Amino acid sequence: MYSCLPSRVVFGRGALEKLGAEIERLGATRALVLSTPEQRAAADDIAVRLGARAAGVYAKAVMHVPIETAEAARAVARDLDADCCVAIGGGSTIGLGKAIALTTELPILAIPTTFAGSEMTPIYGITAQGQKKTGRDARVLPRTVIYDPVLTMTLPARIAGPSGMNAIAHCVEALYAEDANPITSLMAEEGIRALTRSLPTVVNDPADLDARAQALYGAWLAGACLGSVGMAVHHKLCHTLGGSYNLPHAETHTVVLPHAVHYNRDAAKEAMARISRALGGDEAAGGLYDLARSIGAPLSLRDIGMKASALDEAAQLATHNPYYNPRPIEFEAIRRLLQNAWEGRRPG
Ligand code: NAD
């Protein structure tokens, strides 16, 4: 079965100029603008562009949407009588918009400024009592997405690189998803190709707007894949490591991905061939490791705050209630995978 996500996408250099027309199209007259504290200036700029259609700015989004933040933002939306949320930022800010939409059904206009892909998915996550719960709900899918590469110019290389690897991870797992279909597989392969070609330039030549547009195109494809099909062992591992050990989201994806791909190498041969083709011919797992290294992204769990003493427990947690995966989930092999990822070894 294949169903297409019904978002409207406005893409390209200068696309932000269409903001007024897009808000009008949504019929919104009192938009609440969301951002992180770090992107407050960008949110204020959006409010100025919206003029009388802006109801206010809420610049308190943080990673993983704590329930307290979600409830505070919902209260602000209610007090301001908002009829729409405009989320400018990465997955954290768009995630806050989704938490508001989940209970209020306010439409979201998303303006992504990283490559995480959250803007194209009906997946939300909210953290309560140290546990992040995720779900799918059509109400949280942004109605309109404005991709403007100019907005990524301020994204530091140390965030841009891992964020792009996070997008590649969505594409990789879409290729061996249980419910993969020919359309999502085309999008996934093209997403890996676009990100592989653009990320080294995004990181090494921050002024190159064409590379940033290519990376955003890859992020769009990656988000569409994540929103359409189920994910597997890699996302389960990252969810466990991020949720239980508070590791940084995009960096965890970057480190684990080559090892998760290596784990599945014999169980998903066609996916491996497509990943390899998209990487430009390199073997899938090793090629992903080399890509991460070439963009200066972290390569080991040790370097991003994971304690060696927690690896046994992490393997237990990650093998409990596993997601579908092309290769059965085996405790010993997952424990070895985590050891290799902790040490930062090149797989294979
Ligand atoms: P993020 O949103 O946490 O942003 C990281 C930092 O970069 C923040 O301080 C942010 O303000 C800053 N930033 C973002 N864009 C910037 C720019 N252009 N210039 C300067 N600073 C900028 O990072 P992320 O990786 O985009 O999102 C991670 C979160 O998104 C995680 O919680 C993850 O679970 C979630 N996510 C959800 C989905 C989904 O489909 N629901 C998909 C991917 C990620």
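See the structure above.
Now for a look at the structure at hand. (Residues numbered from 1 in each chain as written. Predicted model: local features only at pLDDT ≥ 70, side-chain atom pairs only at ≥ 80, totals over all residues. Heavy atoms only, no water.)

Helices and strands together make up the secondary structure of the chain, namely 13 helices and eight strands. On C-alpha atoms alone, the chain measures out to a radius of gyration of 19 Å, which is about the 20 Å that the 2.2 N^0.38 rule sets for 348 residues. By principal-axis analysis of the C-alpha atoms, the chain measures approximately 60 × 40 × 40 Å. Out of the 348 residues in the chain, the part that is buried amounts to 57%. (Helix = DSSP H or I, 4+ residues; strand = E, 2+ residues; numbered from the N terminus. Rg over C-alpha atoms; globule rule 2.2 N^0.38 Å. Buried < 20%, exposed > 50% of the residue type's maximum accessible area, 1.4 Å probe, protein only.)

Note that soluble globular proteins tend to have their nonpolar side chains buried in a common cluster. Membership of the largest hydrophobic core comes to 52 residues, with the highest contact counts inside it found for Phe115, Ile168, Val172, Ile192 and Ile275. At the level of elements, strand S8 (144-147), helix H5 (157-175), helix H6 (182-204), helix H7 (209-228), helix H9 (249-263), helix H10 (269-279) and helix H11 (284-294) are the ones that each hand at least two residues to this core. In this structure Val172 touches Ile192, Leu257, Val261, Ile275 and Leu288, once residues within four positions along its chain are discounted. Counting residues in each nonpolar core, the second largest holds 24 residues, with Cys238, Ala318, Ile334 and Ala341 among its members. (Core = buried A, V, L, I, M, F, W, Y, C linked by side-chain atoms within 4.5 Å. Contact = heavy atoms within 4.5 Å.)

Strand order across the open sheet formed by six strands is S1-S8-S5-S4-S2-S3, with parallel pairing between neighbours. Two strands close off the open sheet at either side, each with one partner strand: strand S1 (8-11) and strand S3 (54-58). Strand after strand, the sheet turns through a mean of 15° between neighbouring axes, direction not considered. Of the strand pairs in this sheet, strand S4 (residues 84-89) and strand S5 (residues 108-112) are connected by five bridges, and their pairing is parallel. (Pairing = 2+ DSSP bridges. Axes fitted to C-alpha atoms, helices over the stretch in contact; angles between N-to-C directions.)

Turning next to the state of the cysteines. Scanning all chains against the criterion turns up zero disulfides. The thiol sulfur of Cys171 is not disulfide-bonded, and the nearest other cysteine sulfur, from Cys225, lies at 4.9 Å. Relative accessible area serves as the criterion here: at 0%, Cys171 is assigned to the buried category. As a non-bridged cysteine, Cys238 has Cys171 as the owner of its nearest cysteine sulfur, 14 Å distant. Taking relative accessible area as the criterion, Cys238 reaches 7% and is therefore assigned buried. (Disulfide = S-S within 2.5 Å.)

Moving on, we get to the pairing of S5. Judged by how many residues are buried, S5 sits mostly within the fold: five of five residues are covered. Of the two faces of S5, the one holding Ile108, Ala110 and Pro112 and the one holding Leu109 and Ile111 are both buried throughout. Traced from S4 through helix H4 (residues 91-104) to S5, the parallel crossover comes out right-handed. Bridge analysis of S5 against S8 gives two bridges, and the strand direction is parallel. (Right-handed = clockwise from strand over helix to strand, strands pointing away.)

Let us look at the site of the ligand. Around the ligand, the structure places 24 residues, and the nearest of them are Thr36, Ser92, Thr113, Thr114 and Thr121. The side chain of Thr36 places a nitrogen or oxygen atom 2.6 Å from an oxygen atom of the ligand. Backbone polar atom of Leu155 to a nitrogen atom of the ligand: 3.4 Å apart, as the coordinates give it. Contact with the protein chains removes 86% of the 860 Å² of surface that the ligand exposes when unbound. Sorting the residues of the shell around the ligand by element identifies H4 and H5 as the ones contributing at least two each. (Near = heavy atom within 4 Å. Polar contact = N/O pair within 3.5 Å; in protein donor to acceptor, adjacent residues only side chain to side chain. Areas by Shrake-Rupley, 256 points an atom, 1.4 Å probe, with all protein chains shown as cover.)

Next up on the list: the side chain of Asn325. Position of Asn325 among the secondary structure elements: in the loop between helix H12 (311-319) and helix H13 (331-343). Here Arg327 takes part through its backbone oxygen, which lies 2.8 Å from a polar atom of the side chain of Asn325. With residues near it in sequence (within four places) discarded, Asn325 still touches Tyr176, Ala232, Val233, Tyr263 and Asn264.

Attention now goes to the packing of H5 against H6. Across the interface, H5 lies against H6 with an axial gap of 9 Å and an inter-helix angle of 165°. When the interaxial angle is binned, H5 and H6 end up roughly antiparallel. Between H5 and H6 the crossing geometry is left-handed. Contacts between H5 and H6 involve Ala157, Ala160, Gly161, Gly164, Met165, Ala167, Ile168, Cys171, Val172, Ala174 and Leu175 from the first element and Ser185, Ala188, Glu189, Gly191, Ile192, Leu195, Thr196, Leu199, Val202 and Val203 from the second. Among the residues making up the contact of H5 with H6, the classes are represented as 15 nonpolar, five polar and one charged. (Parallel < 35°, antiparallel > 145°, perpendicular 65-115°, else oblique. Left-handed = near helix turned anticlockwise from the far one by under 90°. Nonpolar A, V, L, I, M, F, W, Y, C, P; charged D, E, K, R; others polar.)

In this structure, the second largest pocket encloses a volume near 360 Å³. Together, 13 residues line the second largest pocket, and Gln131, Lys236, His239, Thr240 and Ser244 are the ones closest to its centre. Counting residues per element, the ones that place at least two in the lining of the second largest pocket are strand S7 (131-136) and helix H8 (233-245). For the lining of the second largest pocket, the leading source of residues is H8, giving five residues. Its residues assigned to classes, the lining of the second largest pocket shows two nonpolar, eight polar and three charged. (1 Å grid on protein atoms, 1.4 Å probe; cavity = no way out; pocket = protein on both sides within 12 Å on 5 of 7 lines; lining within 4 Å. Points joined across faces, edges and corners; volume = space filled by probe spheres on them.)

Structural measurements only, silent on function.
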